[in-house]
Amino acid sequence: MASKSVYLETFGCQMNELDSELVAGALTGLGYRFTTAADDADIVLYNTCSVRERAEQKVWSRLGEMKHRKNDQPDLVVGVLGCMAERDGKDLISRMPVVDLMCGPAELDKLPELLDNAVRTKASLAESDPQVAIRRSAKQVALQGNASRRSSTLSAAGDSLESLDLGRMISPVDFDGRRSAYVRITRGCNKFCTYCVVPHTRGAEIHRPPEHIIDEIKALADTGVVEITLLGQTVNHYRFEHDSAVTLDGVVQPQKGRAYKGSHNRDSFAGENTTTFADLLYRIHEEVPAIQRLRFVTSYPRDFGDDVLQVIRDCSRICRFIHVPAQTGSDRMLKMMNRGHTISEYYEFIDRCNEYLHQPEIGRPLMLGGDIIVGFPTETEEDHELTKELLIRSKYKNCFIFKYSPRPGTVAYDKIPDDIPDEIKRRRNNELLDLQTDISDTIAQEQVGGEFDIFVEGLSRREHRKRGTEVKPGSGMVGITIGGADPNATLAVLDQDISEPTVQMSGRTDGDLIVFFDVPTDAVKLPSEYIGQIVRAKITSADKLTLSGELI
Ligand code: 5AD
Ligand code: SF4
């Protein structure tokens, strides 16, 4: 079959970005070509998110557009991957016959086969009767349904999805200038917060063997990657039992007093056959020295032992940034959300984090990040005030604030009416945003005069605008390039057009603060050569969330 071109668009979280990258790698290995032009593609795939309704609406509107495309291109294959496929199940195809293929997030290893079937089915339909091909879906479906959760212990042991991570295309020959990568350590979630669709779409929590994780990181480091972000829905729950190969919730998690395996204070608790999150961080830090920055998201406020904090403190290349959502400042809401902790336990945790890790005197202040859901059912003004207190006390460097969005299939959707009117949600949302902006601003101002190690990511947005080049939303780091910008293009333009004496670049502190700084263009070093390096800079000014500094 001639090489088919694929357009892949990703919605939602970092886990989805990684899934898209892995899927694209697998398909490229099979001869598919990726294109940034949706209009020219033979295959259009959407990797979707179901966490909030808004994310789903975007995909519905994309699918609506595809309906018209099919009239001109009867053999076009349209696929929905990810959480929305899993959540909507086969209803999605009956509602939208334009969809030929659906693949849930826990079934992505089956995508190549499904896609091949869909392409063949479509091609033969289009050949025999284009009108039928336009109307009829190729109906290739892989969803886990509820089956895997019921038999999670067994299915986890033969976790076929791990083949997706293991098959990651890592080739030094194809080195694309990328310096930053995501690595999954845990998939799924067992927490069942009442508002959240993730445990239903991504299935039971499964932890990858540490050897696989470390091998993957070594292979990435060999290609030039220097920054790794470990991914898990509740990343600190990582725990691998070497004899049973599987860990599910319910096991005793590391708590205060336990020491990680690299610690001098090891106690008998550590358990030779268990790799905890602290042990994993320590092993990566020790075994892959080429990794200059090690990050992890997202943390769950419970079960975050002192052992993890000690590892972060003792290992210089582990970042001092913890994204640890609280969702609300009200105990009553926490209970209704089934978060499994109280607000005072949350405060105890962030106090403990600060006690271990906040060291501004050596240029390493601890930065915290959060998520808030505003307008959860029955939320009163009093609850809302408690959330404001939470923001003030937690001093997040940044905090995402989401209006509650009822998700079918969750406990909250079924049992708790969404009774907060949208205008109240909006008003509370704006109040929290304003408050957080002030807090972020204060934190930024506090950094002025400080000296930091900055991991250089690329040209600043301003420099991109000046040159008319594209910049990815979010981090300036050249990330996933499927259907996106070619990182080589970014590197190439960087050293051109340097008529001015300096170029503005951007990077991040190990506490995840963005810093802009100028590099000279007349020196021996080209601007692109700074990317992926760590430079030392002094912060000279702060404006809202962005810091400006100069190299020292
Ligand atoms: N409505 C609004 N926000 C939600 N989140 C998860 N589910 C919902 C929902 N139903 C938010 C939480 C979570 C983040 C990833 O998304 O804050 O931490
Ligand atoms: Fe969703 Fe709660 Fe699991 Fe996070 S911990 S993914 S909010 S169920």
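Placed above this text is the structure.
In this report, we go over the structure that sits alongside the text. Since we're looking at a predicted model, the values are computed, not measured. For every chain, the first residue of the written sequence is number 1, and numbering continues from 1 onward in sequence order. Lettering for chains starts from A, numbering for ligands starts from 1, and both go in the order in which the items are written. Residue-level local features of this predicted model are given only where pLDDT is at least 70; pairs of side-chain atoms are given and counted only at 80 or more, and the full residue set underlies all totals for whole chains, interfaces and linings. Side-chain measures here rest on the full set of heavy atoms in the structure, leaving out hydrogens and waters.

**Comments concerning the overall build of the protein**
Here's step 1: Think of it this way: any DSSP run of H or I at least four residues long counts as a helix, any run of E at least two long counts as a strand, and we number them from the N terminus. A count of helices and strands for the protein gives 20 helices and 21 strands.
Here's step 2: By residue count, 56% of the 552 residues in the protein fall in the buried class.
Here's step 3: Considering only residue pairs separated by 6 or more positions, the protein has 75% of its internal contacts joining residues 24 or more positions apart. Accessible area is worked out with a 1.4 Å probe on protein chains only. A residue is then buried under 20% of its type maximum, exposed over 50%, and partly exposed in between. Between two residues, a contact is recorded if the distance between any of their heavy atoms is within 4.5 Å.

**A few points about the site of ligand 2**
Here's step 1: Around ligand 2, the neighbouring residues are Cys189, Lys191, Phe192, Cys193, Tyr195, Cys196, Val198, Pro199, Gln233, Thr234, Tyr300 and Arg339.
Here's step 2: Polar here means any residue other than Ala, Val, Leu, Ile, Met, Phe, Trp, Tyr, Cys and Pro, which are nonpolar, and Asp, Glu, Lys and Arg, which are charged; Gly is therefore polar. Residue classes in the shell around ligand 2 are distributed as eight nonpolar, two polar and two charged. When at least one non-hydrogen atom of a residue lies within 4 Å of a molecule or strand, that residue is treated as near it.

**A word on the packing of helix H15 (residues 343-357) against helix H16 (residues 381-394)**
Here's step 1: All axes here are fitted lines through C-alpha atoms, helices being fitted over the stretch that makes contact, and every angle between N-to-C directions spans 0 to 180 degrees. The geometry of H15 relative to H16 is characterised by a closest axis approach of 11 Å and an angle of 10 degrees between their N-to-C directions. When the axis of H15 is compared with that of H16, the two are roughly parallel. The way H15 lies across H16 gives a crossing that is right-handed. Here Ile343, Tyr346, Tyr347, Ile350 and Asp351 of H15 lie close against H16, whose contacting residues are Glu389, Leu390, Arg393 and Ser394.
Here's step 2: In terms of residue class, the contact of H15 with H16 is built from five nonpolar, one polar and three charged. Orientation is classified from the angle alone, with under 35 degrees giving roughly parallel, over 145 giving roughly antiparallel, 65 to 115 giving roughly perpendicular, and any other angle giving oblique. Crossing handedness is defined as follows: a turn of the near helix away from the far one that is anticlockwise and smaller than a right angle gives a left-handed crossing, while the clockwise case is right-handed.

**Considering the sheet that holds strand E16 (residues 398-403)**
Here's step 1: One open sheet accounts for three strands, arranged E14-E15-E16; its pairing is parallel. One side of each edge strand has no neighbouring strand; the edge strands of this open sheet are strand E14 (321-323) and E16. The average angle at which neighbouring strand axes cross in this sheet is 10 degrees, direction not considered.
Here's step 2: Each of strand E15 (367-374) and E16 is contacted by H16, which is oriented at about 170 degrees to E15, the strand it contacts most.
Here's step 3: Sheet strands touched by helix H18 (residues 422-446): E15 and E16. Its angle to E16, the strand with the most contacts, is close to 175 degrees. In this scheme, strands are said to pair when DSSP sees at least two bridges between them.

**Section: the pattern of salt bridges**
Here's step 1: Whenever a carboxyl oxygen of Asp or Glu lies within 4 Å of a side-chain nitrogen of Lys or Arg, that contact is scored as a salt bridge. Under the defined criterion, the tally for this structure stands at 42 salt bridges.
Here's step 2: As a salt-bridge pair, Arg393 and Asp351 come within 3.3 Å of each other at their nearest N and O atoms. In this pair, Arg393 sits in helix H16 while Asp351 sits in helix H15, placing the two residues 42 residues apart along the sequence.
Here's step 3: Note that Lys388 and Glu431 form a salt bridge whose closest N and O atoms lie 3.0 Å from each other. Linking Lys388 in helix H16 with Glu431 in helix H18, this pair joins segments that are 43 residues apart in sequence.
Here's step 4: Classification of Glu431 by relative accessible area gives partly exposed; the value is 25%.

**Brief notes about the site of ligand 1**
Here's step 1: All residues adjacent to ligand 1 are Val51, Arg52, Tyr195, Gln327, Asp371, Ile373, Phe402, Lys403, Tyr404, Ser405 and Arg407.
Here's step 2: The side chain of Gln327 places a nitrogen or oxygen atom 2.7 Å from an oxygen atom of ligand 1.
Here's step 3: Polar contacts, as counted here, are pairs of nitrogen or oxygen atoms within 3.5 Å of one another; within protein the pair requires one atom able to donate a hydrogen and one able to accept it, and residues that are adjacent in sequence qualify only if both atoms are side-chain atoms. Between Ser405 and ligand 1, the recorded distance is 2.7 Å, taken from a backbone N or O atom to a nitrogen atom.
Here's step 4: Contributions of two or more residues to the shell around ligand 1 are made by E15 and E16.
Here's step 5: A class-by-class count of the residues in the shell around ligand 1 yields five nonpolar, two polar and four charged.

**Thoughts on the sheet that holds strand E19 (residues 514-520)**
Backbone-to-backbone hydrogen bonds join strands into a sheet, with any given pair of strands oriented parallel or antiparallel.
Here's step 1: Taken together, five strands build a closed barrel; the order of strands is E17-E18-E19-E21-E20 and the barrel is mixed. Averaged over all neighbouring strand pairs, the angle between strand axes comes to 55 degrees, with direction disregarded.
Here's step 2: Pairing analysis gives seven bridges linking strand E18 (residues 502-508) to E19, with the strands arranged antiparallel. Paired with Arg508 across the strands is Ile514, a residue of E19.

**Comments concerning helix H11 (residues 210-222)**
Here's step 1: Expected helix span is computed as 1.5 Å times (number of residues minus one). The first and last C-alpha atoms of H11 sit 18 Å apart over 13 residues, in line with the 18 Å expected at 1.5 Å per residue.
Here's step 2: All of the buried residues along H11 are Pro210, Ile213, Ile214, Glu216, Ile217, Leu220 and Ala221. Seen along its axis, H11 keeps its buried residues to an arc of 160 degrees; they face one direction.
Here's step 3: The inward-facing, buried residues of H11 contact helix H9 (162-166), strand E7 (180-184), strand E10 (227-231), strand E11 (239-241), strand E12 (274-276) and helix H12 (277-287). The directions considered for the arc run from the helix axis to the C-beta atoms.

**Comments concerning the side chain of Ser506**
Here's step 1: Examined against the element boundaries, Ser506 turns out to sit in strand E18.
Here's step 2: Those residues within four positions of Ser506 in sequence are excluded, and the remaining contacts are Phe455, Val456, Glu457, Gly458, Leu459, Ser460, Val515, Phe516 and Phe517.

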